[in-house]
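Remarks on the overall topology
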Amino acid sequence: MSTMQISTKKRNNISSILIFCGISVISTYLLLFVPISRQIGLIFRNTLYILPVVFLFPFISTLVRNTYIRAILFGFLFLIFLLPLSGLWNSGLSGQYSLGGVIPWSDAFTLHMNTLRFLYGQFMGQSTALRPISPVFYASILKLSDNNFILLSVVITILCSITVLSCTNLLGKKFGPVVAAFFYTNAFFYIRWHEGELMTELYGFFTGMLACYFLLSGILCKKNWEIIFGLSLFSLALNARPGPMFVLLFAGAWFLLVQLHGHKKRLLFSVAALIAILSGFIINRWNTSKVYMTSTVPNRQIAEIVYALCLGGHSWDYVLTMPEIQALNDSENVYGDLFRMCTKVLRENPENLLLAAKRITGALLFDNEKGAFSYFNGGDVIQNSIVRYGLGVLWFLGFLYMLKRKRLKIFSFLLYCAVGMILSQGLGLVITTNRLRFHAATIWIPGIIIGFFPQFLFSKIFHFRENETESSPSITDLSTGIAIIGYVLLLSSLISPFLLHRFPEQAPSSMMNPCKEGKELLTTKIDEGSYFYMEDSENLEKIHYPYFRLPYVRQHFHDTASVEMFDFTDHIDEPTAIIRGIDLDNWKDALIFAPLDIVKGKTGYVQFCGNYLNPPILRNDRFFIPTEAFFLGK
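Note that the structure is a prediction, hence the values are computed from the model and not measured.

Here we take up the overall build of the protein. When its secondary structure is counted, the protein shows 25 helices and nine strands. Over its C-alpha atoms the protein spans a radius of gyration of 25 Å, differing by no more than 12% from the 26 Å that the globule rule assigns to 634 residues. Overall, the C-alpha framework of the protein stretches about 80 × 65 × 50 Å when taken along its three principal axes. Buried residues in the protein amount to 56% of all 634 residues. Taking contacts inside the protein between residues at least 6 apart in sequence as the whole, the part at least 24 apart equals 74%. Total accessible area on the protein is roughly 26800 Å²; 63% of this is exposed by carbon and sulfur atoms. Here the protein contributes 52 positively and 42 negatively charged side chains, and the mean placements of these two sets differ by 16 Å.

Structure representation (structure tokens):
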């Protein structure tokens, strides 16, 4: 290639970067910060029939050769990833893990509270301290943004989009547009339900995508250090959001047995790979030591999952209240006691293993809520089943295709990963949660496999050769930018726990209690993204966070399935602000239902005077009803 050609290519790449970034910035602003119809985003968040559109865009984007058209199309792929969050923030829709589209709920509520506690120099609770990598990362962004949860959601969504686009671009160049389209579609349908949530799945997802990029790129470009970097990111992802852990083990085994076979520096790379695989576990332990009273946290969740399996393949909540499980809270050897419990049960009921295997297999194959590809939903039962079974067939055909081409390292690597995923199902992850939540860090594996056979047919019919795609232009060489993101994540997981522990947020010092007799005091901080307003439709100039229609939002509180509170929330008929805060005097949670006129348009530290609902109407959640608010200076 001549100097002039290289110069022209660089100019084209720079121009394409600017086009892509321009579309990304504009679409982020218009979709997330400007009121638009909620239906546009909710269709992409909740329905199945957008599948052809989601598939077609990456197919065309990776098929075209023109650099500028490709940049525009990739900009639209970025835009599609923003739509589910846009629907949430233009509606105030509630779900299992969010109230009013912004307030963390259920498991997300626990993570939210523990993240805030750590920001203020307190310890996290046991459940969050088990895997604190993602909440510490979220806390880092909150620290830099004055606890802006809206900005946190935007950053996380952008990271999810950019990492998926990077992998899509790579797969399109190396395998073809059909593989790239299936990969993108699989990733989008998995993560769309989680956008806007404060959960570990999001961190595991985009870190897993980063790992995917460097593992595949390293194998295809024969760069062992890149593969090792991918293994370290994969370990980080699987420790932040534990899932099919055998995949990491099998990926490491492949590197040792296949990639390094006959390599003159095999010992050096083997040691480096071992360190990379262990790095996520070491980082997780380091984070735990900073967010908890000790680096050792009893893993009750693992005990519940395993014991439920020993009892015949039940979900973890089946054993939650059993005395033997409750006794593990005081155990000094949780895993030893668990082993003895399971041994006793299986000795008395050996058929439980077969029963567990049947239940796991049945759920994996036939359960539209928990099974393989169950995140492809949003249609009726028949439509969901057709898509699920169709993708299952494509996965099987893709597995056979990889077997046929196993002599190529990239296919042997994916075979090892697929076997690791299959064996991991024996842990019963599929019956533990809906929509394969545990698979966030590894969801890229089936996304690639399901595209191989359709790509094979496409190539045969249209005489499309894989090597044609290797020289096709891309929007840019993303390796450097993606590497920077990966290094930032690794460094953040090492440095942030220390810095946040050393320099906590400083709450206002004790002040005079302004509350009248009979009123309780709640001192908290209203953070951006931790509240929303409900008003009557005629009083609303716009419907977009934080302003939502009262009847619509109130109705959809029922989507949380928290039935205990419905009698209370169904009677909210005045303009109200709902705020999720933390009591800065005792570090307990508070869900505040405030008259809108006393807080509207205000954020920051505040003293509320009012009363808690007593007795609590939702587990132990503390619902606070203020009558006055006194905002404090910084």
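Estimates place the volume of the second largest pocket at around 860 Å³. Taken together, 31 residues form the lining of the second largest pocket, with Leu130, Pro242, Asn299, Ile302 and Tyr335 sitting closest to its centre. Mapped by element, the contributors of at least two residues to the lining of the second largest pocket are helix 11 (224–240), helix 12 (246–259), helix 13 (266–291), helix 14 (300–310) and helix 16 (334–348).

This paragraph deals with the packing of helix 11 against helix 13. Angle between the axes and distance between the axes are the two parameters that describe a pair of packed helices. Where helix 11 meets helix 13, the closest approach of the two axes is 7 Å, and the angle between their N-to-C directions is 20 degrees. As summarised for this structure, helix 11 and helix 13 are arranged roughly parallel, according to the angle between their axes. The way helix 11 lies across helix 13 gives a crossing that is right-handed. Note on element contacts: helix 13 touches helix 11 through Leu268, Phe269, Ala272, Ala273, Ala276, Ile277, Leu278, Ser279, Gly280, Phe281, Ile283 and Asn284, opposite Asn224, Trp225, Ile228, Leu231, Ser232, Ser235, Leu236 and Asn239. Classifying every residue of the contact of helix 11 with helix 13 gives 13 nonpolar, seven polar and no charged.

Turning our attention to the environment of Asn333. Examined against the element boundaries, Asn333 turns out to sit in the loop between helix 15 (323–326) and helix 16. Each C-alpha atom, one on Asn333 and one on Pro298, is 8.5 Å from the other, the two residues being 35 residues apart in sequence. Of note is the side chain of Asn333, whose polar atom sits 3.1 Å from the backbone nitrogen of Gly336.

Time to look at empty space enclosed by the protein. Tallied over the full model, the rule gives four cavities of 30 Å³ or more. Put simply, the largest cavity is a space of about 150 Å³. For the largest cavity, the lining is made up of 15 residues, of which Val102, Phe149, Ser153, Gly196 and Gly529 are closest to its centre. Residues that form the lining of the largest cavity fall into these classes: nine nonpolar, five polar and one charged.

Glancing now at a nonpolar patch on the surface. The grouping of Trp286, Tyr487, Leu491, Leu494, Ile495, Phe498, Leu499 and Phe503 at the surface amounts to a nonpolar patch, some 770 Å² of accessible area in total. Examining the composition of the nonpolar patch, we find that six residues originate from one element, helix 23 (residues 479–502), more than from any other. Inspection of the secondary structure assignment puts Leu491 in helix 23. Taking relative accessible area as the criterion, Leu491 reaches 48% and is therefore assigned partly exposed.

This next bit is on the state of the cysteines. Applying the stated criterion across every chain, the model contains two disulfides. Each sulfur in the disulfide pair Cys310 and Cys342 lies 2.2 Å from the other. Every disulfide takes its handedness from the sign of the S-S torsion; for Cys310 and Cys342 that torsion is 100 degrees, giving right-handed. Pair noted here: Cys310 is in helix 14 and Cys342 is in helix 16, with a separation of 32 residues, a long-range link. Among the residues examined, Cys342 registers a relative accessible area of 7% and is labelled buried.

Our next topic: the sheet that holds strand 7 (residues 589–595). If you trace the seven strands from one edge of the open sheet to the other, you get 3-8-9-7-6-4-5, paired in mixed fashion. At either margin of the open sheet sits one strand with a lone partner, and together these are strand 3 (520–526) and strand 5 (547–549). Between one strand axis and the next, the sheet turns through 40 degrees on average, direction left out of account. By the bridge criterion, seven bridges tie strand 3 to strand 8 (residues 604–612) in an arrangement that is antiparallel. Bridge pairing in strand 8 places Leu522 opposite Phe608.

In this section: the nonpolar core. Counting 181 residues, the largest nonpolar core has Phe413, Trp444, Ile448 and Phe532 as its most contacted members. Considering every element that reaches this core, the biggest residue donor is helix 10 (residues 200–220), with 13 residues. Sequence-distant contacts of Trp444, defined by excluding residues within four places in its chain, comprise Phe183, Gly208, Met209, Cys212, Leu215, Phe234, Phe413 and Leu414. Membership of the second largest hydrophobic core comes to 14 residues, among which are Ile325, Met341, Cys342 and Val345.

In the segment running from Tyr545 into Pro546, the intervening peptide bond is cis, with an omega of 5 degrees. Relative to the helices and strands, Pro546 resides in the loop between strand 4 (531–535) and strand 5. Following Asn614, the chain continues to Pro615 via a peptide bond in cis, the omega torsion being 5 degrees. Among the structural elements, Pro615 can be located in the loop between strand 8 and strand 9 (623–631). Of note in this structure, Asp146 is not a glycine but carries a positive phi near 60 degrees. Inspection of the secondary structure assignment puts Asp146 in the loop between helix 7 (133–144) and helix 8 (149–174). Even without being a glycine, Phe373 presents a positive backbone phi close to 60 degrees.

Evaluated as defined, the whole model comprises eleven salt bridges. Across the pair Arg437 and Asp107 runs a salt bridge, and its minimum N-O distance is 3.6 Å. Here Asp107 lies in helix 5 (residues 107–119) and Arg437 lies in the loop between helix 19 (409–424) and helix 20 (444–449), a separation of 330 residues in the sequence. Overlapping salt bridges bring together Asp107, Glu201, Arg241 and Arg437 as one network.

Among the five residues in strand 4, five count as buried, and that is most of the element. Burial along strand 4 is two-sided: the face carrying Tyr531, Tyr533 and Glu535 and the face carrying Phe532 and Met534 are both buried. Note that strand 4 and strand 6 (residues 576–582) share four bridges and pair antiparallel. Paired with Met534 across the two strands is Thr576, which belongs to strand 6. With three bridges connecting them, strand 4 and strand 5 associate as parallel partners. Across the sheet, the residue bridging to Glu535 is Arg549, located in strand 5.

Cut-offs applied
Residue positions are counted from 1 within each chain, in the order its sequence is given. With pLDDT at 70 or above as the cut-off, local features in this predicted model cover only qualifying residues; side-chain atom pairs require 80 or more to be listed or tallied, and sums for whole chains, interfaces and linings still use all residues. Here the side-chain values reflect all heavy atoms present in the structure, with hydrogen atoms and water set aside. Where helices and strands are cited, they refer to DSSP runs of H or I of at least four residues and of E of at least two residues respectively, numbered from the N terminus. The size measure is the radius of gyration over C-alpha atoms, and the globule rule it meets is 2.2 Å times the number of residues to the 0.38 power. For the exposure calls, accessible area comes from a 1.4 Å probe over protein chains only, and a residue counts as buried if that area is under 20% of its type's maximum, exposed if over 50%, partly exposed in between. Contacts between residues were defined by any pair of non-hydrogen atoms, one from each residue, lying within 4.5 Å. Calculation of accessible area relied on Shrake-Rupley with a 1.4 Å probe; when residues are assessed, cover is drawn exclusively from the protein chains displayed. Charged residues are defined here as Lys and Arg on the positive side and Asp and Glu on the negative side; His and the ends of the chain fall outside this count. Charge positions come from single atoms, namely NZ of Lys, CZ of Arg, CG of Asp or CD of Glu. With a 1 Å grid laid over protein atoms only, a set of points is called a cavity when a 1.4 Å probe fits there but cannot get out and a pocket when it is open yet has protein on both sides within 12 Å along at least five of seven lines; lining residues have an atom within 4 Å of a point. Grid points are joined across faces, edges and corners, and a volume is the space filled by probe spheres set on the points. Axes here refer to lines fitted to C-alpha atoms; in helices the fit is confined to the stretch in contact. Angles between the N-to-C directions go from 0 to 180 degrees. Small angles under 35 degrees read as roughly parallel and large ones over 145 as roughly antiparallel, with 65 to 115 read as roughly perpendicular and the rest as oblique. By convention, the crossing between two helices is left-handed when the near helix turns anticlockwise from the far helix through less than a right angle, and right-handed when the turn is clockwise. When residue character is reported, Ala, Val, Leu, Ile, Met, Phe, Trp, Tyr, Cys and Pro are called nonpolar, Asp, Glu, Lys and Arg charged, and the others, Gly included, polar. Polar contacts, as counted here, are pairs of nitrogen or oxygen atoms within 3.5 Å of one another; within protein the pair requires one atom able to donate a hydrogen and one able to accept it, and residues that are adjacent in sequence qualify only if both atoms are side-chain atoms. Note on patches: the residues involved have over 30% relative accessible area and no salt bridge, like charges join within 9 Å, and the nonpolar side chains Val, Leu, Ile, Met, Phe, Trp and Tyr join within 5 Å. Any carboxyl oxygen of Asp or Glu that lies within 4 Å of a side-chain nitrogen of Lys or Arg is treated as forming a salt bridge with it. To count as a disulfide, a pair of cysteine sulfur atoms needs to be within 2.5 Å. Strands were regarded as paired on the criterion that DSSP finds at least two bridges between them. Residues grouped as a nonpolar core are buried Ala, Val, Leu, Ile, Met, Phe, Trp, Tyr and Cys residues, joined through side-chain atoms within 4.5 Å.

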